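# Commentary on secondary and tertiary structure
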Amino acid sequence: MEDCVFCKIINRQLPSKIVYEDEKVMAFYDINPVTPVHVIIIPKLHIANVNELTEDNSYVMADIHLAAQKIADKLGIAKEGYRLINNCGEDAGQTVFHLHYHLLGGRRLGAKII
Ligand code: 5GP
Ligand code: ZN
């Protein structure tokens, strides 16, 4: 996707601080962190958001979660805990339309929305 910021990060057209990468997933530090650990986890396949998941591409959800597990371990927050957040669509505040999960941790997180 030509105009997708996260596709550009995958293709190294934009710089990022990569935390984890394999054949199907990439993770990098958020440019505007809201917690001491704030990592964005994305599939290398361009999928706009949860609304575009299908039987054929939904394997990325498992890949993202397995990557989250490895990243939390690598960054030393697996035991203390962390939160995975996905924003889908405008009402949820999604600003980059390439499926992504925020991995947040490194401190006691605030009130839960749900
Ligand atoms: P959303 O609001 O769509 O759930 O999350 C998008 C996230 O991507 C935001 O937290 C924003 O700070 C981050 N972001 C946007 N552009 C870039 C970028 O070019 N590099 C990095 N590392 N993060 C970005
Ligand atoms: Zn993309």
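Residues numbered from 1 in each chain as written. Chains lettered and ligands numbered in written order. Predicted model: local features only at pLDDT ≥ 70, side-chain atom pairs only at ≥ 80, totals over all residues. Heavy atoms only, no water.

Once that is clear, we can look at the layout of surface pockets. Considering only enclosed or pocket space, the largest pocket measures out at about 230 Å³ in volume. For the largest pocket, the full set of lining residues is Val5, Phe6, Ile9, Leu14, Pro15, Ser16, Lys17, Phe28, Tyr29, Asp30, Ile31 and Ile40. Per element, the largest residue contribution to the lining of the largest pocket is three residues, and it comes from helix α1 (residues 5–10). Residue classes in the lining of the largest pocket are distributed as nine nonpolar, one polar and two charged. Considering the residues around the second largest pocket, the lining is formed by Arg83, Ile85, Ala111, Lys112, Ile113 and Ile114. Residue classes in the lining of the second largest pocket are distributed as four nonpolar, no polar and two charged. (1 Å grid on protein atoms, 1.4 Å probe; cavity = no way out; pocket = protein on both sides within 12 Å on 5 of 7 lines; lining within 4 Å. Points joined across faces, edges and corners; volume = space filled by probe spheres on them. Helix = DSSP H or I, 4+ residues; strand = E, 2+ residues; numbered from the N terminus. Nonpolar A, V, L, I, M, F, W, Y, C, P; charged D, E, K, R; others polar.)

Turning our attention to the sheet that holds strand β3 (residues 37–43). An order of β1-β2-β3-β5-β4 is seen for the five strands of this open sheet, with the pairing classed as antiparallel. Each edge of the sheet is formed by a strand with only one pairing partner; in this case those strands are β1 (18–21) and β4 (82–85). On average, adjacent strands in this sheet sit at an angle of 20 degrees to one another, irrespective of strand direction. The pairing of β4 with strand β5 (residues 101–105) spans four bridges and is classified as antiparallel. In the sheet register, tyrosine 82 faces β5, and the bridge partner there is glycine 105. Docked against the sheet, helix α2 (residues 59–74) engages β1, β2 (25–29), β3, β4 and β5, running at close to 150 degrees with respect to β3. (Pairing = 2+ DSSP bridges. Axes fitted to C-alpha atoms, helices over the stretch in contact; angles between N-to-C directions. Contact = heavy atoms within 4.5 Å.)

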